[in-house]
Amino acid sequence: MAVDANSSFFQWVIYIIQNYWPLFLRGAEVTLIISLTGTIIGFGIGILIGIIRTVPIDNNTHILKRAIYKVVNILLLIYIEVFRGTPMIVQAMVIFYGVAMVWGIHLTTFVAGIFIVSINTGAYMAEIVRGGIISIDKGQFEAAHAIGMTHSQTMAFIVLPQAIRNILPALSNEFVINIKDTSVLNVIGVTELFFQSKSAAGNNYRYFEVFLITCLVYLVMTFTVTRILRYLEKRLEGPEVYTIHGSQTVPEAEIKIVGRQ
Amino acid sequence: MENIIEIRHLQKYFGENEVLKDINFSVSKGEVVCIIGSSGSGKSTLLRCLNLLELPTTGEILYHGQNILEHDMSNAVYRAKMGMVFQQFNLFSNLSVLENCTVGQIKVLKRSAKEAKQTAMEYLELVGMSGFIDARPHQISGGQKQRVAIARALSMEPEALLFDEPTSALDPEMVGEVLKVMKSLAGSGLTMLVVTHEMAFARDVAHRVVFMDGGVIAEEDTPDVIFNNPKNERTRIFLKRILDN
């Protein structure tokens, strides 16, 4: 289909979709890969920091261990404050050009993109995970300790599964934000959806039509992601019904033996 | 009788507040000891010190003659030998009833999944909860939760079981089912330390009753003496107040 300056809005939209759909698709792909990888790595960073920042330290802890912990904690706090407190678009510039200048490392824009989204998400998730951990009832820790679990076992098998379940909505939030915010990576030339849209729009001087399509593509991606995560949340809640086995429900059942001390 | 635990000159401060004042106390094998006293008398803190959920400020806790506060034994190893049943049940809410009873066996005692399940089933049967192995804690009633909590503690096959007001958070109609289980356990020769407000239970089941008041053990004796002929004036006042209600 040919279009010219007199073509209608719909004709342009159809024209652009027909001629540029591979561009949109590639852009969406890059956006999804970067935001998904970034969210997962960022979540990992967040869990790690959340665990470190909730290690129980009291007056009975060895003095050296306490000192190390304090230093680590301060470094982590600096990381969180710096990355939460500056715009990702600025971080992208500083990191992409910075590592090249200071260390002579030339990252591809794609790797740089994943790196930036990861550490940015990590800074937010660190506090979310910490909140998730400290919101777990103290009784859960005590019960785990009372059956002889160490702090790491308590975290791994009891507390983290509950905390992660509780912070899934926040994680899904982060993921959606990342899908949208990877668009700022176009400043360092990452070929994500926004970047691709810009070239499609520039080629035809059709900004409204192109970006309306871009809008829809973003919306489809974010909507799908929230649905998937919502489903996951439901799954993690466990089955709503359970089977009662046999008929041993009577507490009056005779008690015969106890303990093999 | 051999002492499982012996406490010497135990003191516990919360900040400036002296909660336990020079406690001396011991429990021997197979003994059922009930600790009674009004709120804030330090009875729960004493029990929690025994499991190191609270660390004593000074004093010694001897476990088979060994002072566990001197780190010859890790806290975790010792705790696995002291079962604990909480007022608020504290069942692991991310695990099913069965998993609640097996997780400690598998992770702490390093038992195989199959062996752990067998042991867990044995004790769940004992407390009458073997039918509910697939249920999640939020799906069962308070009394059922507490019975599962007892099975969880028993599954670790501890040397002694500590009960911290196990029926205080229960609806009145559910108190009976838990006490019944506890009574059977006492009859089977398990060493038990029970902080309780259930005076009838203390009178009928305990071998020894400890009355605590203001952070000290004011009186300890057989239930018969404590309930019928207390020597300490404070014991008498406390019991009168409780039993009149």
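Since the structure is predicted, the reported quantities are computational estimates derived from the model, not experimental observations. (Residues numbered from 1 in each chain as written. Chains lettered and ligands numbered in written order. Predicted model: local features only at pLDDT ≥ 70, side-chain atom pairs only at ≥ 80, totals over all residues. Heavy atoms only, no water.)

Regarding the confidence of the model for chain B
Working step 1: Within chain B, residue pLDDT values average 91, and 98% of them lie at 70 or more.
Working step 2: Predicted complex, confidence summary: ipTM 0.91, pTM 0.85. (pLDDT = per-residue confidence, 0-100.)

Looking at helix α8 (residues 207-236) of chain A
All names here are of chain A.
Working step 1: With 30 residues, α8 ought to run about 44 Å at 1.5 Å a step, and its terminal C-alpha atoms sit 43 Å apart, in line with that.
Working step 2: For α8, the set of buried residues is Glu 209, Val 210, Ile 213, Thr 214, Tyr 218, Met 221, Thr 222, Val 225, Leu 229 and Glu 233.
Working step 3: Residues of α8 that are buried in the fold lie against α1 (9-53), α6 (151-181) and α7 (193-204). (Helix = DSSP H or I, 4+ residues; strand = E, 2+ residues; numbered from the N terminus. Expected span 1.5 Å × (residues − 1). Buried < 20%, exposed > 50% of the residue type's maximum accessible area, 1.4 Å probe, protein only. Contact = heavy atoms within 4.5 Å.)

Side note on the side chain of Glu 219 of chain B
Residues and elements named next belong to chain B.
Working step 1: By the secondary structure assignment, Glu 219 is in strand β10 (residues 216-221).
Working step 2: Lacking a salt bridge, the buried Glu 219 has Lys 231 as its closest oppositely charged neighbour, with an N-O distance of 5.1 Å.
Working step 3: A polar contact is formed between the side chain of Glu 219 and the backbone nitrogen of Lys 231, at a distance of 2.8 Å.
Working step 4: A distance of 2.7 Å separates polar atoms of two side chains, one belonging to Glu 219 and the other to Thr 235.
Working step 5: In contact with Glu 219, not counting residues within four places along its chain, are Val 209, Val 210, Phe 211, Ile 226, Pro 230, Lys 231, Asn 232 and Thr 235. (Lys, Arg positive; Asp, Glu negative; His and termini not counted. Salt bridge = Lys/Arg side-chain N within 4 Å of Asp/Glu carboxyl O. Polar contact = N/O pair within 3.5 Å; in protein donor to acceptor, adjacent residues only side chain to side chain.)

Points about the nonpolar core
All names here are of chain B.
Working step 1: Ranked by internal contacts, the top residues of the largest apolar core, which has 54 residues, are Phe 25 and Leu 193.
Working step 2: Contact partners of Leu 193, with chain neighbours within four places excluded, come to Phe 25, Val 27, Val 33, Ile 35, Leu 47, Leu 50, Leu 161, Leu 162 and Phe 163.
Working step 3: In terms of nonpolar packing, the next biggest core, distinct from the first, is built from 51 residues, Ile 140, Val 148, Leu 190 and Leu 239 among them. (Core = buried A, V, L, I, M, F, W, Y, C linked by side-chain atoms within 4.5 Å.)

Focus: the packing of helix α5 (residues 142-155) of chain B against helix α6 (residues 172-187) of chain B
Residue and element names in this part refer to chain B.
Working step 1: The geometry of α5 relative to α6 is characterised by a closest axis approach of 8 Å and an angle of 20° between their N-to-C directions. In this view, α5 runs roughly parallel relative to α6, as classed from their interaxial angle. Our pair here, α5 against α6, has a crossing hand that is right-handed. Packed against α5, whose contacting residues are Gly 142, Gly 143, Gln 144, Gln 146, Arg 147, Ile 150 and Leu 154, the element α6 presents Met 174, Glu 177, Val 178, Val 181, Met 182 and Leu 185 at the interface.
Working step 2: Looking at the contact of α5 with α6 residue by residue, the classes come out as 7 nonpolar, 4 polar and 2 charged. (Axes fitted to C-alpha atoms, helices over the stretch in contact; angles between N-to-C directions. Parallel < 35°, antiparallel > 145°, perpendicular 65-115°, else oblique. Left-handed = near helix turned anticlockwise from the far one by under 90°. Nonpolar A, V, L, I, M, F, W, Y, C, P; charged D, E, K, R; others polar.)

Thoughts on the sheet that holds strand β1 (residues 3-14) of chain B
All names here are of chain B.
Working step 1: Spatially, β2-β1-β4-β5 is the arrangement adopted by the 4 strands of the open sheet, whose pairing is antiparallel. What marks the edges here is a single partner per strand, and that holds for β2 (17-28) and β5 (66-67).
Working step 2: With 2 bridges joining them, strand β4 (residues 58-63) and β5 adopt antiparallel strand pairing. If you follow Tyr 63 over to β5, its bridge partner there is Gln 66. (Pairing = 2+ DSSP bridges.)

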